[in-house]
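A structural walkthrough
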Amino acid sequence: MTHRDNVGPLGSLKFVTLLVALIPEFLFLGAGVQLQDNGYDGLLVAINPQVSEDQNLIANIKEMITEASFYLFNATKRRVFFRNIKILIPATWKANNYSKVKQELYEKANVIVTDWYGVHGDDPYTLQYRGCGKEGKYIHFTSNFLVNDDLTAGYGPRGRVFVHEWAHLRWGVFDEYNDEKPFYINGQNQIKVTRCSSDITGIFVCEKGPCPQENCIISKLFKEGCMFIYNSTQNATASIMFMQSLSSVVEFCTAHTHNQEAPNLQNQMCSLRSAWDVIADSADFNHSCAMNGTEFPPPPVFSLIQAGDKVVCLVLDVSSKMAEADRLLRLQQAAEFYLMQIVEIHTFVGIISFNSKGEIRAQLHQINSDDDRKLLVSHLPMTVSAEAETSICSGLKKGFEVVEKLNGKAYGSVMILVTSGNDEHVGNCLLTVLSSGSTIHSIALGSSVVENLEELSHHTGGLKFFVPDKSNSNSMTDAFSRISSGTGDIFQQRIQLESTGENLKPHHQLKNTVTLDNSVGNDTTFLVTWQTSGPPEIALFDPNGRKYYANNFTTNPALQTARLCIPGTAKPGLWTYTLNNTHHSLQALKVTVTSRASSSAMPPATVEAFVERDSTHFPQPVMIYANVRKGIYPILNATVTATIEPEAADPIALDLFDNGAGADIIKNDGIYSRYFFSFAVNGRYSLKVHVSHSPSISGLAYSIPGSRAMYVPGYIANGVPAGPHPDVFPPCKITDLHAVKVEEEVTLFWTAPGEDYDQGHANSYEIRISKSLQNIQDDFNNAILVNTSKLNPQQAGTKEVFTFSPKLFTNGPDHQPDGETQESHRIYVAIRAIDRNSLKSAVSNIAQASLFIPPNSAPILVRDNLILKGVLTAVGLIGIICLTIVVTHCILNRKKRADKKKNGTKLI
């Protein structure tokens, strides 16, 4: 995040639950950005539809990236620059001869521009959560930052800010400042400012103006109100990750200029490595060389693109395999719900069916009313063919034929491909699909679907879904519910509040509650579906006790669905539904509840869930992430659960955490993470995430009490060898090790890993220390071993604390790093966990601590006590002197009176 001292207000959030399925893979990380001949091509900048039209915004984006290109070229020593950039103009802006989009979507953008203001106001930031050297998700700017020139006084030129954020996004480096710890005590027991490099100069300022640095300390704490003001004129050239606004700063911190002692995220996340060291290890630098000569690269070329009419075509398999496991019925139910509730108004929709050949069932028809929706539903296939052969390419070609009738090309269109067939020839039309400019979302039914089906989605930036053949699975409806226009307008998109299914025994009841918060409520819809017999008995109660019965629902007996649309804005609070199986046989009942935002002034809470990779082989784990936010605010202290459903086994529930440990990189950033490795069988696994929050638990940003569900797509494929399996899963790496000096001892803090990654508990810890950073980085095994025989690892996720005396381990000879003296007394600490089978985790981040006080100087932290002792001593001496004077004076006066009396007697 780009630094500026400005904090915005926090709000509150009430009654929410979220349910999502997982985005299939990291499709969108660095999506479309390629480095060729030192130039970046395909960078996508997207403007949110809620941003008001302003041509100055476009001009300033161009100016910012152009300036950034030359600044980046110099900062990387003539290594990289920006060549081709696309700016996605929202459809809410007037058409202005912009080019048509192909497969570019707002949710794929590398840079987004919104009117949402975060905790720090207009601070630009990058969403990072994959650790040091890993790409982030996107860069965020507010429109105000890009058009308000007054802000450049605090942030510096926008081009420099862009390079700061680009280094976060592309290369996975972190900030070198720390607002929470602006000062620290270095190895020489001196007060230092958290900065990089240490050559950046300035003065300490207290409440009454400039002051000596020692005045900023009171009773071992930094005094409130103390600041360090940087000089406007500097000679230091680093670092861009600290303060890019300084005109002299033109490079990243290197190993030579990097401040390893500063308590910042770069040191914590990257084990004290400099930003330049991390950047130099990136794939960009490994596959490129510095440009020869002295000429600058050409300025970037910008393309302005805008989405046209929204066009969707359903491409539906009707081969004989669709008769298995009620696949056709479940497809009909989900497609009806999509056409009646999900697809946005004014969208053009066509329908294709296919087996070995494609057939047009409905030409493009624009949705302007409910009658248009019903007409499209009537064109859904109602029967399967006797033919088992499927030709996905034939279906897609018919789809392209339909959508091209509107504007002559398929650019920007969406194909929703649903199939259960095993078509080995799907790759034959891959080039046609890629050149079409259409996005393919694929829904795979059952386990026999050809493995390379997802290639169509992967190469076009589409979503992919897996629907198991289980009667109580609601995955088909969930998949259709997730497919949106991808415009980024969350105020128009459907949000899934509930998705559940159950095989209900005769005369048994399914009862549950759905909680709506006040940010949703428009177009709230309850959908009930069943697989056999007639409809169940339905009862629905709103928060005020009003009851809705089955006769209030719109029933479609042919498709076996019942749907209730709540008029206006649904009341916030608890909605309770009850389904009774009044039949004499088992019945598969499913409930889906969706809604839209209640007001454009209040963004609803959303969940975006994804996995780092969607294909893995035993024993590689998969990292599952859920990004839980309200606008751009992270939602904290939520209960987040991932449900992983194999093709033919029971679902697996896995809690995700935002605790900065294990798979989770940064604590309290709204990203909940966990490792998953419990693959029982080969095949596809569908994934879904559910988020809830207790009203009694507060969050640092937003907290979300209640219930909400939203579905996002995906499945993963895994290859598992025949069992039994040996233990191949080590404990996960510890990433939050922190050391604090307490008198003559050092106390370590970290979050416990597990026996297997972040599950269970490890068997033991191996802690090693060294006076040399390089030694412990390069040769952990030969660093000094700390006795941890009394340290028993706790359950994964638990906070661990361990105290030891470094005197026992650091008296022997130990090589000092270059430029460091014996008086610095710094030690470096790292740790790794070991499981019962002696599998070891990766070495943790490196923590450091300053130890003993140099014998020739008084410690700053007790200087106030010395001053107090000095004052008391001085006061005591002055008191003794005054007492001596008074006593002497009294003696002299007494003697004088005695002499006078004696003289008087003699005179008489």
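Further up the page is the structure itself.
Residues numbered from 1 in each chain as written. Predicted model: local features only at pLDDT ≥ 70, side-chain atom pairs only at ≥ 80, totals over all residues. Heavy atoms only, no water.

Examining the nonpolar core
Membership of the largest hydrophobic core comes to 59 residues, with the highest contact counts inside it found for I65, F82, I87, F162, W166, W171 and F252. At 9 residues, the largest contribution of residues to this core is made by helix α1 (residues 55-75). Every residue in contact with I65, bar those within four places of it in the chain, is listed here: L43, V45, F82, I85, F162, P300 and F302. (Core = buried A, V, L, I, M, F, W, Y, C linked by side-chain atoms within 4.5 Å. Buried < 20%, exposed > 50% of the residue type's maximum accessible area, 1.4 Å probe, protein only. Helix = DSSP H or I, 4+ residues; strand = E, 2+ residues; numbered from the N terminus. Contact = heavy atoms within 4.5 Å.)

Thoughts on helix α14 (residues 475-482)
Burial within α14 is extensive, with 8 of its 8 residues counted as buried. If you check which residues of α14 are buried, you get S475, M476, T477, D478, A479, F480, S481 and R482.

Comments concerning the sheet that holds strand β48 (residues 847-850)
Strand order across the open sheet formed by 4 strands is β45-β44-β47-β48, with antiparallel pairing between neighbours. What marks the edges here is a single partner per strand, and that holds for β45 (784-785) and β48. Across 4 bridges, the pairing between strand β47 (residues 826-834) and β48 is antiparallel. Across the sheet, I827 pairs through a bridge with A849, a residue of β48. (Pairing = 2+ DSSP bridges.)

Digging into the state of the cysteines
In total, this model carries 3 disulfides according to the counting rule given. Disulfide pairing places C132 opposite C270 at an S-S distance of 2.1 Å. Handedness of the C132-C270 disulfide follows from its S-S torsion of about 105 degrees: it is right-handed. Linking C132 in the loop between β7 (125-126) and β8 (139-142) with C270 in the loop between α6 (265-269) and α7 (275-280), this pair joins segments that are 138 residues apart in sequence. Paired by a disulfide, C393 and C429 hold their sulfur atoms 2.2 Å apart. Measuring handedness by torsion sign, the sulfur bridge of C393 and C429 sits at about -80 degrees and is left-handed. Of the two residues, C393 sits in helix α11 (residues 392-407) while C429 sits in the loop between β20 (414-419) and α12 (430-436), which places them 36 residues apart along the sequence. (Disulfide = S-S within 2.5 Å.)

What to know about the sheet that holds strand β29 (residues 561-565)
Across the sheet, 5 strands lie side by side as β23-β31-β25-β29-β28; this open sheet has antiparallel pairing. Looking at which strands have only one partner, the edges of the open sheet turn out to be β23 (495-504) and β28 (554-556). Between one strand axis and the next, the sheet turns through 15 degrees on average, direction left out of account. (Axes fitted to C-alpha atoms, helices over the stretch in contact; angles between N-to-C directions.)

With respect to the pattern of salt bridges
In this structure the tally under the stated criterion is 23 salt bridges. In this structure, D41 and R83 form a salt bridge, with 3.1 Å as the shortest nitrogen-oxygen distance. One end of the pair, D41, is in strand β3 (residues 39-47); the other, R83, is in strand β4 (residues 81-89), and 42 residues separate them in sequence. D758 is the salt-bridge partner of R674, the closest N and O atoms lying 3.3 Å from each other. A residue pair is termed long-range when its members are at least 10 positions apart, and R674 in strand β38 (residues 671-676) and D758 in the loop between β43 (745-751) and β44 (764-770) qualify at 84 residues. Using a relative accessible area of 10% as the deciding quantity, one classes D758 as buried. (Salt bridge = Lys/Arg side-chain N within 4 Å of Asp/Glu carboxyl O.)

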